[in-house]
Amino acid sequence: MSDLAIRVQNVSKRFRLGTGASYGRFSETLQDWAVGLFRRPWAWWRGQTGETAKPTRDVWALRDVSFDVAQGEVVGIVGRNGAGKSTLLKVLSRVIHPTRGRVELVGRVGSLLEVGTGFHPELTGRENVFLSGAILGMSRREIRRKFDEIAAFAQIEPFLDTPVKRYSNGMVVRLGFAVAAHLEPEILLVDEVLSVGDVAFQKKCIGKMDEVRRQGRTVLIVSHNLPSIVNLCGRAMLLDAGKIVFEGSPADVVRQYLATVRSAAGEITWPDLDRAPGDPGVKLCSVRILQDDGRQPTGDVDIAKDVLIEITYRNLVEGTPLYAGIWLKDQLGTFVLSSHNARSQNLTPDPWYGRPYPRGVFRTVCRIPGNFLNEGRYHVTPLLGRVPQPALVLEESTIAFDVHDTGAMREEYTGSWAGPVIRPRLAWCTEPLGEGAEARPAKE
Amino acid sequence: MRSQAEPTIHPADRPTSIGASRSAARTVIDAAQPWRFVDFGELWRSRDLLWMLTARDLKVRYRQAVVGAAWAVLQPVLTMVIFGVLFGLLGRKPAAGDAPYLVTAYCGLLPWHLLATSLSQATASLVNDRHVITRVYFPRMLLPMASVVAALVDFGIAAVVLAGLMAWFGIAPTLALVTLPGFVLLAVLVALGAGLWLSALNALYRDIGYTVPFLLQVGFFVSPVVYETAALVPERWRLVYSLNPMVGAIEGFRWALLGGPAPPMAMLGVSMAVAAAFLLGGMAFFRRVEHVIADRI
């Protein structure tokens, strides 16, 4: 435990947006190139391939990041979407090259940026285990040795010789994770993998992570799953706008992270469509916290009154069946609830759920009843997706609100209510059974 | 889950230098040193992955095809028959040797198809696997390499037909046969060199992919595939002609199998030099692009 496994020194990464960033046409570039070659011969070779004086917008995903990780340490990285967490992990796993700085890694590196890396739908489960294993860095002999274990972990033995395209989603995820879990790198880099699959499978994954930790391997985790960061990691870092802004014990970092999510405004908007979260088909416009059916957003709500969470979004593709949802988490990252406007989760059917949306801006409002949440801060994660696919927009804890105890629920009790996540009003009833009654429960 | 008894590292105890308590591999990523030539050691260590990718390409290509691997044979055989009939009707054959025209043509078609299959697969190889490229690191050069190795397997299958044809026409190979592997290697290196250029260019500029079928069509006629150099190309143009490295590969391949007058050394030398320059340039360019691939693909 006395040697370094990872040393990151002043790493910065710049992405170029604008012309030629991702889909430059060769003819255009050839023209630029010829001009550039004439003006500055050999400049293109030194890292300006096809990028001449055209205006580009630079985005620094990482700015001067430095840290060390000792062998056997488990370090968590926390931060909002776009803070640079994934970019950092991609730099460490050599997927992308840093613009500045230096990284040293001692030991075999395994990166798990997704489940089922390299799977090909036409190949069978067995063939994919070998292919994905090799892509992740295992030798053929190593995979052959662990094959039975992998198949058993994934629980898909009867389907090993079936093409993966006929697998259910769950089976693909299980097989993908099984391959990854049997990778035995000295340094493991994990991104968000813990958030896939059902609850039972997530538990299995966390168990596996814990096992990796106990074997003394070095692990770097990026996750939105704050409780798992607290449970698994020995140290954590908070990343914001590409910089490490806080470093310390996981509990402190999580607290710091949640504190930076502003609550006062009760509103977050993305006026610039290009920079709004989403995909080319749907963009998030704003999330607002409202009370009293009012139009004025607020970050402070009364415990006894309904809280309205309003999500507005723009649909850009005619006829897409969209859905909206929210996650609610408390101060420590405990998952309080997950709800969508699906019929089965709705008190009153939402006529727009699953209906093809025309182009335009839409507003979906979720009403959380009063006298339900406890006092304290709650973090809202808005979700948008296409029926029946998983959410494609997911802005983790993008906005928060504080529930204030106004006394409506504590007329009889003046002590502290801290502890419970929710404090709903439930139906209570006591009846006298008389002095002669037997002390046994009432029969149904 | 984390028990209290376990040692935790406090900032003060944290080591200040990277030690080597284990004989572990060390990876250094340095932005200041953005480019190095091909790491052959790394490629060798990744050979298992090369076979896996090759096997994947072959399986995916043939599993859902009705005729399966017979496709590898069908293409050159049909082309041979078409040109055989064409020149038969014309009554004049663009061949100089004594061998039947069909065999002469097939000897040209084999290395040509090796190149054509390699290039059409290699060009798209990076783009087709962009999902993997943006998720995990491995030597990216393996992708176009796997396309070439897969094409080499097709070549092997199609070569069986050639052996059959030669037996049918009673052509016995001469001593020149020993040079055959050398010419196959030359064709493979040409395919690899061009594959590296095209795959890297296609990752940056998607319109490269559309030009490849056209380039191959042009290449088919400016290489001695369905004709022999000695029969069509004027003597004084032959050196210029052999700047096309496939000229040396195809003429050499044909000579190694059918015998006859050996292709002039100067011609072979020019082809080999061009092939080598092309390959080295392709490697350098590919390595240069490799760093920006995940950002730009």
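Here's a quick rundown of the structure.

Things to note about the packing of aromatic side chains
Part 1 of the argument: Evaluated as defined, the whole model comprises 18 aromatic pairs over all chains.
Part 2 of the argument: Centroid distance A:Tyr313 to A:Tyr357: 6.2 Å. Interplanar angle 35 degrees. Geometry classified as tilted. Taken together, the residues span a long stretch of sequence, with A:Tyr313 in strand β14 (residues 307-315) and A:Tyr357 in strand β17 (residues 356-357) at a distance of 44 residues.
Part 3 of the argument: On the basis of relative accessible area, A:Tyr357 is assigned to the buried category, the value being 2%.
Part 4 of the argument: In textbook terms, an aromatic cluster arises when at least three aromatic residues are bridged by ring pairs, as seen for B:Phe83, B:Phe87, B:Tyr101, B:Trp112, B:Phe220 and B:Phe221.
Part 5 of the argument: Above the ring of B:Tyr137, the side-chain terminus of A:Arg94 is found at 4.0 Å from the ring centroid.

Examining the nonpolar core
Part 1 of the argument: Ranked by size, the top nonpolar core spans 131 residues in total, and within it B:Leu162 and B:Phe253 carry the most contacts.
Part 2 of the argument: No other element matches helix α7 (residues 180-204) of chain B, which puts 16 residues into this core.
Part 3 of the argument: Beyond its immediate stretch of four places on either side in the chain, B:Leu162 contacts B:Val103, B:Tyr106, B:Cys107, B:Leu110, B:Phe253 and B:Leu257.
Part 4 of the argument: By size, the runner-up hydrophobic cluster in this structure holds 30 residues, among which are A:Val307, A:Ile326, A:Leu373 and A:Val403.

Describing the side chain of B:Thr54
Part 1 of the argument: Note on placement: B:Thr54 falls in helix α2 (residues 47-63).
Part 2 of the argument: Overall, B:Thr54 belongs to the buried group, its relative accessible area being 5%.

Comments concerning the pattern of salt bridges
Part 1 of the argument: Evaluated as defined, the whole model comprises 31 salt bridges over all chains.
Part 2 of the argument: A salt bridge links A:Glu127 to B:Lys59; the shortest N-O distance between them is 3.3 Å. Of this pair, A:Glu127 sits in helix α3 (residues 125-136) while B:Lys59 sits in helix α2, each in a different chain.
Part 3 of the argument: We classify A:Glu127 as buried; its relative accessible area is 16%.
Part 4 of the argument: By relative accessible area, which is 31% here, B:Lys59 ends up partly exposed.
Part 5 of the argument: Here B:Arg287 makes a salt bridge to B:Glu290, at a shortest N to O gap of 3.1 Å.

Quick notes on the rules
- Every chain's residues receive numbers from 1 upward, in the order its sequence appears when written.
- Lettering for chains starts from A, numbering for ligands starts from 1, and both go in the order in which the items are written.
- The predicted origin of the model limits local features to residues at a pLDDT of at least 70 and limits the giving and counting of side-chain atom pairs to 80 or more, whereas totals for whole chains, interfaces and linings rest on all residues.
- To get the side-chain values, take all heavy atoms of the structure and skip hydrogens and water.
- Classification of ring pairs uses Phe, Tyr and Trp, with its six-membered ring standing for Trp, and accepts pairs whose centres are within 6.5 Å; under 30 degrees between planes counts as stacked, over 60 as edge-to-face, and the remaining range as tilted.
- A run of DSSP states H or I qualifies as a helix once it reaches four residues; a run of E qualifies as a strand once it reaches two. Both are numbered from the N-terminal end.
- A 1.4 Å probe rolled over the protein chains alone gives each residue an accessible area, and that area as a share of the maximum for its type sets the label: buried under 20%, exposed over 50%, partly exposed in between.
- Each ring is checked for a lysine NZ or an arginine CZ that lies within 6 Å of its centre and within 35 degrees of its normal; such an atom marks a charge sitting over the ring.
- The criterion is simple. A nonpolar core is a set of buried Ala, Val, Leu, Ile, Met, Phe, Trp, Tyr and Cys residues joined through side-chain atoms within 4.5 Å.
- Pairs of residues are marked as contacts when any of their non-hydrogen atoms sit within 4.5 Å.
- When a carboxyl oxygen of Asp or Glu is within 4 Å of a side-chain nitrogen of Lys or Arg, the pair counts as a salt bridge.

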